[in-house]
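Examining the three-dimensional arrangement
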Amino acid sequence: MKTRTNTDTHGHKSWASIRCPCPSVFVRVRPCSPGKHALTILFSFALAFAVPTEAQDPDSAPPVFFSGNGRLTLQFDAQGGLVACRWPSPGHPNQLGRANVPASQIEPVELPGAAGWGVLEASAGAPAKIRWLSGSSRGQTWETAQRNGVVQTRGTFGQLSCEITTFAHPQVDLLVSHVRITGAPAPPVLVWYQNFSPCTRLLPEIPLAEETLTGLNDYAAFVGINGRLVQFRPKAPGRGDWERAEDLIHTASSEKDWMRLGEGVWIASTTSARRGAFCGFEDSEQNALFQMSSPSAIAAAVGRVDSAFRVAGVEHEGSFEATVFSGFGSDLQAAKVALNYGEVRGFRSLITETETYRRGGLAASPAPAGTPEHEWSEALLCLAAATSADTGAIVERPFAAPPNTWVVPRTAAWATLAYDWAGRSDAAGASVKFLLEAAKTAWSHLPRGAVPAALLASGQPALPGTLVDVQATAWTLAALQRHSQFLEPPARQQFFNQIEGPAMQAGDVLASWIHGGTGDLLPAFDMELLRDAVTQEHRLAAWMGLESAHRLLQSQSKTAPETWTQRQRELETQLRFQVLHGTAPWNVDPLLFAWIEAAFPEQRRVWGPVREAEEAATAPLPAVTELLDRERAHIPNTTLGAALQCLAATARVYGHL
């Protein structure tokens, strides 16, 4: 048995392989502990059940509504229920728990989401009940819509009509929710319930942590100064911190006492015309809603906790209104700064600020001719809400269930291109910088220059390090090359100087990822198959990545290594053979063809023969614009869908991308 170590053009050892005496046996070796192997197996099984299918019927897919500012990201269901609240980035775990209101002296009905408004109804000789003002309780029907990042839910029940307006402020980490009730003969007693579950962890290489480790969320809630509700969790509370918190709930503790527990995730809430602030234990009869009718409501709770306000509706122009504000921060002071911003300005000033700010941003990126303004603006707002304000990372599915709140290079490449065409060079540059950092990092289980299959918004790997995805490296190179085309010559030269080293190493990875026995690609992880494989899509993506690296060098009058050119020829040969002589269907993501056609329109050495063979057997692939429109329809309410919507509109005007 012989061992061979591949070396890239810079002399770095990139991967090791073992050649067995039998020519048909070729095993790839990557340094990995038994624990890592077990984690990979468990991940594959879990992912098979956890990842939603993209290709769903758009008519049956429930609408998802959102509001976000790149740090605070809110997600609503079709009935207007608040179901997710991510902070401090759209890729961070959900800071909102599940709806969990056990039967008690107060008997709520179908609370949608984990936070929302209700009307407290009391009758003589009967327990008080809550009629929730969204969802579909008791046959009520509610309609939800969004515009400029503001989500509104309207409905009627009995003689009353209701409108709820909720949004994240575009510049301050502030959640604002306003309710207006019309037709009530007297001021209604309103309830705002919130089950925040602060989470301070981002676990690298464990993408299912958010779903499976929810028991590690939450920590404490207390009623602070001026009746404010505070829920928080320190960064990494130890046993001593838990004991200190439990001691504080039995003493006359102050906000300063709680603040000594340190930084983490702090959420401070208040509301207008409140009649009481309550906190409780969500998994018991002592929940926050029960505390409303308790003769001795508790002022603080530790563990799995929730909180609620009782509010008196304030009359305004024939209706009764109330507003709740929630500020987010790494400590209580920062959360209170955001909260004070909302309290001082009030609902009407805040919504005016929000709409003015977002209209101003959209005015800088006008809709292409023939594109409805509303569709264009919502697509751009979706991209903005999915882009981390701190790192520039573009999260794939911030408005979907985990484990998809990560950065996937393929999606990030399309979103970056959409930003470039929309004139948002700042956002496009930040996204490219994030991908570049991933290519520059020396990951312990990847060849030098390879990019992880998926990343957290913080820049750490989102999937186990043993999962090597060749396509991630290829799409990163494609994103770098396309972005460089939008830069003026001086800026392009400066950009090339920054990326030359990582781009060369990434190109070496694609050129050296070779099966020693067949000359084909080495197996790489496939997200659809949930195992290592070599597919036509892998080969075509590797060719695309090498072509992108070639063009980056050509833009600066530099010559690519001969190994790259030779590898591209080999890939072309394998692709032609697979298409013209293979018996299996040509199963390649249509968007990969669209990217190649858009990025390299004159290059037909590879995809030209592939497309001709397809046309001979099946219907021809549609034009790029039609393809983008079709693919977008199958992935609604996602970052990729929003990017394709922008690009399809652009292509209709310019005729190309």
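Throughout what follows, the structure given in this document is the object of discussion. If you're wondering where the values come from, they're calculated on a predicted model, not measured in any experiment.

**Brief notes about the overall build of the protein chain**
Along the backbone of the protein chain there are 17 helices and 24 strands. Within the span of the protein chain, comprising 657 residues, buried residues form 56% of the whole. Excluding contacts between residues fewer than 6 apart, the proportion of contacts in the protein chain whose partners are at least 24 apart in sequence is 65%.

**Overview of helix H10 (residues 470-484)**
The terminal C-alpha atoms of H10, which comprises 15 residues, lie 22 Å apart, in line with the 21 Å expected from a rise of 1.5 Å per residue. Measuring from the backbone nitrogen of Gln-471 back to the side-chain oxygen at the start of H10 gives 3.0 Å, which picks out Asp-469 as the cap.

**Some details on the pattern of salt bridges**
Scanning the model with the defined rule gives 24 salt bridges in all. Salt-bridge contacts for Glu-263 lead to Lys-235; the nearest nitrogen and oxygen are separated by 3.8 Å. With Glu-263 in the loop between helix H4 (255-259) and strand S17 (264-271) and Lys-235 in the loop between strand S16 (229-234) and helix H3 (239-248), this residue pair connects regions lying 28 residues apart in the sequence. Asp-520 is the salt-bridge partner of Arg-539, the closest N and O atoms lying 2.7 Å from each other. Placement of the pair is Arg-539 in helix H12 (residues 536-554) and Asp-520 in the loop between helix H11 (489-512) and strand S23 (524-526), with a sequence separation of 19 residues. For the residue pair Arg-539 and Asp-520, the accessibility class agrees, reading buried in each case. What you see here is one network of salt bridges that share partners, running through Arg-71, Asp-173 and Asp-390.

**Some details on the packing of H12 against helix H13 (residues 562-581)**
In helix packing, the relevant descriptors are the interaxial angle and the interaxial distance, both defined with respect to the helix axes. At their nearest, the axes of H12 and H13 sit 10 Å apart, and the two run at 150 degrees to each other. Classified by the angle their axes make, H12 and H13 are roughly antiparallel. Helix-helix and strand crossings are classified by hand; for H12 and H13 the assignment is left-handed. Across the interface between the two elements, Gln-536, Arg-539, Leu-540, Ala-542, Trp-543, Leu-546, Glu-547, Ala-549, His-550 and Leu-553 of H12 pack against Trp-564, Thr-565, Arg-567, Gln-568, Leu-571, Glu-572, Gln-574, Leu-575 and Gln-578 of H13. Residues belonging to the contact of H12 with H13 are distributed by class as follows: 9 nonpolar, 6 polar and 4 charged.

**Here we look at the environment of Leu-175**
By the element assignment, Leu-175 lies in strand S13 (residues 174-182). The exposure class assigned to Leu-175 is buried, which follows from its relative accessible area of 1%. A C-alpha to C-alpha distance of 9.5 Å links Leu-175 and Gly-68, two positions 107 residues apart in sequence. Not counting the four nearest positions on each side in its chain, Leu-175 is found in contact with Leu-72, Leu-74, Leu-82, Thr-166, Phe-167, Val-324, Phe-325, Ser-326 and Phe-328.

**Observations concerning the pairing of S13**
Counted residue by residue, S13 has 7 buried out of 9 residues, so it is predominantly covered. Across 8 bridges, strand S12 (residues 160-168) lies against S13 in antiparallel orientation. Note on S13: the bridge partner recorded for Thr-165 is His-178. Between S12 and S13, which pair antiparallel in sequence order, lie 5 residues. Pairing geometry for S13 and strand S22 (residues 319-329), over 9 bridges, is antiparallel. From the neighbouring strand, Ser-177 faces S22, where its bridge partner is Val-324.

**Observations regarding the packing of H12 against helix H14 (residues 590-599)**
In the contact formed by H12 and H14, the axes pass within 11 Å of each other and the chain directions differ by 25 degrees. It follows that H12 is roughly parallel to H14 by the angle criterion. Where H12 crosses over H14, the handedness of that crossing is left-handed. Of H14, the residues touching H12 (which contributes Glu-537, Leu-540, Ala-541, Trp-543, Met-544 and Arg-551) are Leu-592, Phe-593, Trp-595, Ile-596 and Ala-599. Its residues assigned to classes, the contact of H12 with H14 comprises 9 nonpolar, no polar and 2 charged.

**Focus on the packing of aromatic side chains**
Evaluated as defined, the whole model comprises 17 aromatic pairs. Considering the side-chain rings of Trp-87 and Phe-328, the 6.3 Å spacing of their centres and the 35 degrees angle between planes classify their relative orientation as tilted. Of this pair, Trp-87 sits in the loop between strand S6 (82-86) and strand S7 (107-109) while Phe-328 sits in strand S22; the two residues are 241 residues apart in sequence, bridging distant segments of the chain. Overall, the relative accessible area of 4% leaves Trp-87 in the buried class. The exposure class of Phe-328 is buried, given its relative accessible area of 2%. Consider the rings of Phe-232 and Trp-258, whose centres lie 5.9 Å apart with planes at 75 degrees: the pair is edge-to-face. Within this pair, whereas Phe-232 is found in strand S16, its partner Trp-258 is found in helix H4, the two being separated by 26 residues in sequence. Phe-232 gets classed as buried once you look at its relative accessible area, which sits at 0%. In textbook terms, an aromatic cluster arises when at least three aromatic residues are bridged by ring pairs, as seen for Tyr-219, Phe-222, Phe-232, Trp-242, Trp-258 and Trp-266.

**Some remarks on the pairing of strand S11 (residues 150-157)**
Successive side chains on a regular strand alternate, one facing one side of the sheet and the next facing the other. Strand direction decides the pairing type here: strand S10 (residues 142-147) and S11, joined by 6 bridges, are antiparallel. When the bridges of S11 are listed, Thr-144 appears paired with Thr-153. Where S11 meets S12, 8 bridges bridge the pair, whose relative direction is antiparallel. Bridge pairing in S12 links Phe-157 to Leu-160. Taking the residues between adjacent antiparallel strands as the criterion, S11 and S12 are bridged by 2 residues, where Gly-158 takes a positive phi near 65 degrees.

What counts, and where the lines are drawn
Residues numbered from 1 in each chain as written. Predicted model: local features only at pLDDT ≥ 70, side-chain atom pairs only at ≥ 80, totals over all residues. Heavy atoms only, no water. Helix = DSSP H or I, 4+ residues; strand = E, 2+ residues; numbered from the N terminus. Buried < 20%, exposed > 50% of the residue type's maximum accessible area, 1.4 Å probe, protein only. Contact = heavy atoms within 4.5 Å. Expected span 1.5 Å × (residues − 1). Polar contact = N/O pair within 3.5 Å; in protein donor to acceptor, adjacent residues only side chain to side chain. Salt bridge = Lys/Arg side-chain N within 4 Å of Asp/Glu carboxyl O. Axes fitted to C-alpha atoms, helices over the stretch in contact; angles between N-to-C directions. Parallel < 35°, antiparallel > 145°, perpendicular 65-115°, else oblique. Left-handed = near helix turned anticlockwise from the far one by under 90°. Nonpolar A, V, L, I, M, F, W, Y, C, P; charged D, E, K, R; others polar. Pairing = 2+ DSSP bridges. Phe/Tyr/Trp six-rings, centres within 6.5 Å; stacked < 30°, edge-to-face > 60°.

Spatial relationships are all this shows, so hold off on functional conclusions.
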